[in-house]
Structures are given as structure tokens and as C-alpha cells.
Amino acid sequence: MTATTPNTPTIVLVGHGMVGQRFLEALAERGATERARIVVLCEEPRPAYDRVQLTSYFAGRTPDDLSLVEDGFMDRHGIELHLDDPAVSVDRAARTVTARSGRTFTYDSLVLATGSYPFVPPVPGKDAEGCFVYRTIEDLLAIEEYAKTSRTGVVVGGGLLGLEAAGALKGLGLDTHIVEFAPRLMPVQVDEGGGAALLRTIEGMGLSVHTGVGTQAITADGGTVTGMSLSDGSALATDLVVFSAGVRPRDQLARDMGLEVGERGGIVVDEQCRTSDPGVFAIGECALASDGRVYGLVAPGYEMAKTVADVLVGEEGAFTGADLSTKLKLLGVDVASFGDAHGTADGCLDVVYADSRSGVYKRLVIGRGGELLGGVLVGDADSYGMLRPLTGSVPPVPPEQLVLPAGAGAPVALGPSALPDDAVICSCHNVTKGEICAHTSLPEVKKCTKAGTGCGSCVKVIGQLLPQAADQGLCGCFSYTRSELYEIVRTLRLTSYAQLLDSHGREAARGGEGCEVCKPTVGSILASLGNGYILDGEQGALQDTNDHFLANLQRNGSYSVVPRIPGGEITPDKLIVIGEVARDFGLYTKITGGQRIDLFGARVDQLPAIWTRLVDAGFESGHAYGKALRTVKSCVGQTWCRYGVQDSVKMAIDLELRYRGLRAPHKLKSAVSGCARECAEAQSKDFGVIATASGWNLYVGGNGGATPRHADLLAQDLSDAELVRLIDRFLMFYVRTADRLERTSTWLERLEGGLDHLRDVVVHDSLGLCAELEALMAEHVAGYHDEWAATLDDPDRLRRFVSFVNAPEAPDPSVRFIPERDQIKPDLTILTLGPTMGPSLEGTLTR
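The structure displayed is predicted, hence computed values, not measured ones.

## Some points on empty space enclosed by the protein
Within this structure, the stated rule accounts for two cavities of 30 Å³ or more. Empty space within the second largest cavity amounts to approximately 50 Å³. Around the second largest cavity, the lining comprises 13 residues; the ones closest to its centre are L550, S560, V562, Y625 and W788. Considered class by class, the residues forming the lining of the second largest cavity number eight nonpolar, five polar and no charged.

Right, here's the structure in full:
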């Protein structure tokens, strides 16, 4: 900025949140910082930060990571930023603003960006120790500290911030409840069907949800929170309460100034965002726009900021309303709404797809002329980036094809290229497809248009619109391969997905939630490097479906339990226990091809009781649910067989107990045959062992299945110790270098140099890695723990194993069975989608 003179106009900005910072950027973009003195009075002790991503603080992001102010921005543009020094009074006649510090600033133009404040219901006890609001970084720091001595938390409010607050409390290890006065969660954004899908999914995560009830009082002992009474007469015991029941415009300063405010709050502004005083403007959540609405989203606030910047530099600007579409990920659940999401238009029709088992709900609102008016998406919002720009137009395909899942009758998905050039892709910054397509890379798009720098929901569509170059990265979040990510995690000793994403993710993905490709992949990497109990903390959110409950999900919503039976050897007493468990819990039993016994038909709430019986009898998890070692099959070997030349049973047991629980890019199977007759079928396994008169032959890279492959001979006539050492090296080299979901057979065929290179590395130590590979395996062996037993020993971990959090004793009514051959099988008649939707889905499709 040029040196100020007595004639230099002064713009004073009161408030430095997201909208305030966007206003400063808009001034800088228009050259106003070169011609005016800019003064900013900020109430908080830190510059503007991303309040939309506030909860990511609990996932490992620091306050500095959340900052929206580019390094050097204030100095470069000569902006005077006064932190922790809010405006306390304004003299409109003298055109002065007085800050809390006592400093007074004269203004030519005053811009109020005071935002909003959390609404706290006026209930008795609301000020007790242990009650918090969820609005600022300081609020989060206080909650985090108090939670260290708490066990139970209650969030008052089931809207956007309420669900984020609940996710934060759950992540802090608290038994968490959500209390929402409305009959469903997120009542503003989603309809009844979407709320039901969201409820089912959130309850399945172990949170207790209470809808249709209000908070009557906070009970306290000695001034400290002990509980909450609800309007239905029930009560909750709790140590911590977070109020997140909506916000109200912060308009007190405007009231004190004598500005006009709305009957229900908000500073009244016209289309130029001027208040009743022409020299004073209001933007963001504190403003009551000319259409009579207070906008609580960041995108309308950004549009107001640009409007005022235009007006102050003499250009035409007007704010006449904004898109209220939203796309969020709450507690890991995608939720989106756009347009007329509730179908208020006369004569509109609905297109609905619902799959209650997977928590997916999609509703499109169609006008009389076939135009798309709006919609709600819960559980799967991938199509949001396409659907929102189509709002107001007739879709190029029948609307039901826009909600059907892939493989269930839907054609190839409609691509972003089908959108018109004037379709708004980034609603936060009002950027169209045509403006995006004028650039060639995402960083360029962000720098030139700011698209993708707001909520981030448009980044995927932007990427699809840009020229596609060859990319070897794991996914849209990481430019590294899985093996490269493994080395990064191992070398830097990273312990969380958030750390890896923020330090090595693509620029557009940092600070985000990741995707369905990289989250389980990184989860597997962390687990293979011994990152503790698989479901603790952030780890739980990274796992695939089966790992969430340490059991295999079956097609009717029940689970199978597979105890480990090393080498297929089992005592009569243990066989009796399995039979008794199957009988007492009414389970279907099946001997598998891997010499184990599957117990099918367990409800999620029955799993701990079943595990208890099995663990007490000496069983442990067989890891049938994980990308890990499944079985080491064996024949009876020389102990019983007249052809056997080695003790294949003992070797199979030793190997299975050594490698049990080893997380890998893909499931692993093995076998040990006691002679060349190969009864254990070792050459069809990821690693197989065949006895010889002189020792053991080791085969690697085999698999059965749809594309069977015989394993290759890696080494022969090995001693017991040599065999184990080579398998250690082979498995850890595979874990380090394979791609996600890549079997050893595919990996070996892809490996440059193939079997010869593998032999050089793990037998001849050509890369000097063998000592390191052996050490990694030794760490795994030393750190192994049974996940079933670890769960049973911790009451907090057991809380997730219920069908319904609010009724933990109630069975899931959708899990039903019918008799067959003196056992049971799933009753699939409850599936209502019909044959075109696939027999494994449950839901409805209505128009």
C-alpha cells in the first residue's frame, strides 16, 4: 500500500472470520489496498481460520493448519490487523470506532463482519462447569482439556455443528449422546427419509441419538455437570455438555449504534449490503439480506464480501440471494442437499432410492416439466457435483438413472462434460464450468478462480473437467503409490491418517476427509506397522466394513465368526465348545476349505458373548474379516501318513501362529504339505511349503479363485530356521512394495525382474534389506494381540457391538432366518428391490 495521507480513505473491518478475510482478499484483488488504509479489529487471539473444517483439529490438524491467511498477506497489502481487540463502540456522527484496548479509529467506510454466536437454550444449569459451546478453536481446546477427565458427553443439537461436535466427543473417547428437539437429525437439510438413513448409520457407529425431545435442565453437583433432564421425563447422566443448537446473528454492536435490525435479529442491509447508515455495511452471518434471510453458510458470505468490495471501488455490485446447497461429511457420512430439497413446489414429483442396510438414501425433486428442482443425498453424495449444477434444467437422462447405484440398472454415470459452460461448479466462489475449463491444472484453477478453496466439495468435479495426465498416484488424495506411502509412514513414524494426508497428500486433499480408496489402504499400512488396536481412535474410521466389527458381514446383515484353528489341528474339547456355541446361539456351521469352522448368523450384539465363550476355551480371532493371514492349511504329515517325510502339522501351526494378524495389501493364504503328493495344495497359496527328505521347499505367488496361478519355487531343501527366515523376508517385502488389494500372484508378475529379482532380494540380499525385513517381522510377532480378547477386556470398546444404541438389548428385526437341512439360512424375502437391483440390497425405489 502507498503511504497514507490525510486524504487517504480508511476502511475499518470489524470481525476477522472467514467472510472478513474474503472481504480483505476481494479488496486486494481490486487494488483497493493500494488506495486506502485498511484496519481490522479481531475479537479472537488468532487471524481468520477455516471454521468449516474446525472439527479436523481433533484429527490432528493444528490451529496454524486451519489458518486462511496466507503468510505475508497482511504486510504485503499494508493491512493493520489488531488481534484480541474487538470493537466495543461506534460513534456514527464522528465516524469513529473504539476498540477494547481504548484505541480509536476514524473511518470513511465501516464493514461489520461480526458473524454469529451459539444459541444456548435458557435452561437451568446451562452455566455449570462442564458446559461448552462449539464455535471457536478456543472452545475446542477447552472441550479437549475437560474431556480428559470425562466419560460421557451430550451434544444439544442434531444439526451440522451438532453432529460435528458429537464426532469430536466420540473421537475423544467419550460415550456420546445427541439430543435433537426436531423429529429427525439435520431437519433443515434433509427430509424424513434422509434423516432415517442418517440416524441408522450414526447409531451404528455407537452414538446414542434422542430425537423429538428437548433439554429441560442441566443437573449439577457443586456447580459441576452431572446430568441432563429431557422433556419426555427421561434423564441422562453426563460429565460434559456441548450446546450446538443453532446460532444467532451477532448484531449487538449494530443495535448499540442505532442501526436497523430485523425483528428476529440480523442487521438489515440492502442489495449492496449497506445498512440503514450509508457509510456502514454488514456481511456474513450478522446481516439480514434484502430477501429477508440471514445466511448461515460461507458461500453467501463470500458473495456479500465481494459485493461490498465492488461497491467500495466504484463498481456495480449486488447481493440478491445465494445457493443454499451443502455437501458435508459428518461422522464419516456423506450428506448433501441442493435446490428445493424438501419438495415445496406445487405438483412436484419424487424419485427416491433407499438402501437402509448400507445407509444410502437419495431423493430427487422433479418439477411438472421434468426439470430437476432439488434433492437430498445421504450416505453416497458422489453425484452431488453433477446434480447441483443441473438444478433448474431437465436432466439429459431419466432422473431415476441419476440415483440408481452402479451395477443396479443404471447406465454409465453422467460426466461433468455434459454440463453447460454456465453451470456453477464451485458454489462457494460462484465459479462456472467455463471458467474452470480455461485452465489446465488444479493449482492454477485455485489460484486464478479460488474454486476448490472453500468447502472442497467441488474438487472432484474440477479434476474431472481438467485435462487428464498419466497419474500413478494411489487416488485423488495422494500422488504416491501404496508402496511409497508405506515407506513414508515407516520412515517418518507417522501414526495417523490425518498426519499423512496433511504432510504428503495432494494440495487439494489436505485438511479433507480422504476417500474410500486411500483410507482403508493407509489403515492397512498403519496396522501392518503395529499401530495398536485396530479400532482405537482414528484407526476405526479407516477400516473396511468387516473390520469395524471384527467379523464377516453376510448378505442378510448378520455376521460370521471364524475362530483360528492353526494347521487345522483341534482337540475334542475345543470341537465340543464350537458345537455348543453354535447350538446355543443358533448358528449355521460349515467346515471351510481352509480347515476351519465357520459359524454363520450372529447378530452384531451377540458377537461379544460368542467371543467370550470361544476365548475362554482357548480360541482367538481367525482374522477372516481382515486383509491379513487367513489360514495355514496342512495334511497330517509324517506323524500319521505313511508317505509323509516331515511334520507338516507342526510347521503349519508354527507358521500360522507366527504370522497371525499380519495386515497386508490383500488377504494371505498358506499351506504345508508333508510330501510331494501335495494333499494340502500348497502350490495354490500365496506362500506354500512342501516337505522333502532334506527339508522344505518354499513356493510363492500362487492363488486359487477366478484366475488360479501355481506358485513358483523360490528356494528348496531349507531347514526350519531357513524356511521361517525366508518367509519373513518374502512377506515383509510384499507388504512394503505391493499395491492396494494386490495379491502376491499379481504382485509377483508385476514385479520388475519377476521371480529372479525376488530371489535376489530375499535370498541373496541384493538390496541389503533382509536385516530390516526380518526386524519388521520380529516387531509384528512381538506386538501381536488377539483383537477379540482386547475388545472383551475393554468396556468402552464393547459399546460399539449393539444393533441399536438406544435399545442395546433389542435384536435387529431385519436379520431373519429360515430352516434348511437341520440348520438355518438367511431369509432374503425382506429384500424389496427386486431382481434388477440385485439380491443383496434392501431398499425401495419409488417415483
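On we go from here.
## With respect to the nonpolar core
If you look at the biggest cluster of nonpolar residues, it comprises 59 residues, and the most contacted ones within it are F478, L698 and L758. Sort the elements by how many residues they give to this core and helix α21 (residues 720–737) lands first, with nine residues.

## Brief notes about the environment of Y588
Tracing the sequence through the fold places Y588 in strand β30 (residues 588–591). Relative accessible area serves as the criterion here: at 23%, Y588 is assigned to the partly exposed category. The spacing of Y588 and R725 is 137 residues in sequence and 39 Å in space, taken between C-alpha atoms. Apart from the residues lying within four places of it in its own chain, the contact partners of Y588 are D598, L599, F600, Q823 and I824.

## Considering the confidence of the model for the chain
When pLDDT is averaged along the chain, the result is 86; 92% of the residues meet or exceed 70. Counting interchain partners and residues more than four positions distant, the pLDDT-below-50 stretch residues 830–847 has 49 contacts.

## A closer look at the pairing of strand β14 (residues 224–230)
If a strand is regular, its side chains alternate between the two faces of the sheet. Relative to β14, strand β13 (residues 215–221) is paired through six bridges, and the arrangement is antiparallel. What sits directly across from T215, in β14, is L230. Where β13 folds back onto β14 in an antiparallel hairpin, the turn is made up of two residues, including G222, whose phi is positive at roughly 65°. In this structure, β14 lies alongside strand β15 (residues 235–237), joined through three bridges in antiparallel fashion. By the bridge assignment, G227 is partnered in β15 with A237. Hairpin connection of β14 to β15: four residues between the antiparallel strands, including G233 at a positive phi of 95°.

## With respect to helix α18 (residues 572–585)
The terminal C-alpha atoms of α18, which comprises 14 residues, lie 20 Å apart, in line with the 20 Å expected from a rise of 1.5 Å per residue. Among the residues of α18, those classed as buried are V577, I578, V581 and A582. Down the axis of α18, the buried set is contained in an arc of 130°. They therefore lie on one face. Exposed positions of α18 whose direction lies more than 90 degrees from the buried face are P572, D573 and R583. Where α18 terminates, the next one or two residues include G586, which has phi positive at roughly 65°.

## Quick look at the packing of aromatic side chains
For any pair of aromatic rings, the description consists of the separation of the ring centres together with the inter-plane angle of the planes. In the structure shown here, the tally under the stated rule is 13 aromatic pairs. Between F478 and Y497 the ring centres are 6.2 Å apart and the planes differ by 80°, which places this aromatic pair in the edge-to-face class. You can see F478 sitting in the loop between α12 (459–465) and α13 (482–492) and its partner Y497 sitting in helix α14 (residues 497–504), a full 19 residues away along the chain. Its relative accessible area of 4% is what places Y497 among the buried residues. Aromatic pair W611 and F801: ring centres 5.2 Å apart, planes at 80°, arrangement edge-to-face. Here F801 lies in the loop between α26 (795–798) and β37 (817–820) and W611 lies in helix α19 (residues 607–616), a separation of 190 residues in the sequence.

## Structural notes on the side chain of E678
With respect to the helices and strands, E678 occurs in the loop between β33 (668–673) and β34 (687–692). Nearest to the buried, unbridged E678 among oppositely charged side chains is K685, at 7.7 Å. A distance of 2.6 Å separates polar atoms of two side chains, one belonging to E678 and the other to S673. Setting aside residues up to four positions removed in sequence, E678 forms contacts with S673, Q683 and I690.

## Things to note about the side chain of R709
Its place among the elements puts R709 in the loop between β35 (695–700) and β36 (712–718). Relative accessible area serves as the criterion here: at 17%, R709 is assigned to the buried category. Within the structure, the side chain of R709 is placed 2.8 Å from the side chain of D712, a separation counted as a polar contact.

## Points about the sheet that holds strand β6 (residues 104–106)
Here we have three strands laid out as an open sheet, ordered β4-β5-β6, and antiparallel in their pairing. On the outer flanks of this sheet lie β4 (87–91) and β6, each paired with one strand and no other. Between one strand axis and the next, the sheet turns through 20° on average, direction left out of account. With four bridges connecting them, β4 and strand β5 (residues 96–99) associate as antiparallel partners. Following the sheet pairing, S89 is matched in β5 by T98.

## Brief notes about unusual backbone geometry
Positive phi values are uncommon outside glycine, yet M186 reaches one of about 45°. Along the chain, M186 falls in the loop between β11 (175–180) and α6 (192–204). The backbone phi angle of R821 is positive, close to 50°, even though this residue is not glycine. Its location among the elements puts R821 in the loop between β37 and β38 (823–826).

Criteria and thresholds
- Residues numbered from 1 in each chain as written.
- Predicted model: local features only at pLDDT ≥ 70, side-chain atom pairs only at ≥ 80, totals over all residues.
- Heavy atoms only, no water.
- 1 Å grid on protein atoms, 1.4 Å probe; cavity = no way out; pocket = protein on both sides within 12 Å on 5 of 7 lines; lining within 4 Å.
- Points joined across faces, edges and corners; volume = space filled by probe spheres on them.
- Nonpolar A, V, L, I, M, F, W, Y, C, P; charged D, E, K, R; others polar.
- Core = buried A, V, L, I, M, F, W, Y, C linked by side-chain atoms within 4.5 Å.
- Buried < 20%, exposed > 50% of the residue type's maximum accessible area, 1.4 Å probe, protein only.
- Helix = DSSP H or I, 4+ residues; strand = E, 2+ residues; numbered from the N terminus.
- Contact = heavy atoms within 4.5 Å.
- pLDDT = per-residue confidence, 0-100.
- Pairing = 2+ DSSP bridges.
- Expected span 1.5 Å × (residues − 1).
- Arc of directions from axis to C-beta.
- Phe/Tyr/Trp six-rings, centres within 6.5 Å; stacked < 30°, edge-to-face > 60°.
- Lys, Arg positive; Asp, Glu negative; His and termini not counted.
- Salt bridge = Lys/Arg side-chain N within 4 Å of Asp/Glu carboxyl O.
- Polar contact = N/O pair within 3.5 Å; in protein donor to acceptor, adjacent residues only side chain to side chain.
- Axes fitted to C-alpha atoms, helices over the stretch in contact; angles between N-to-C directions.

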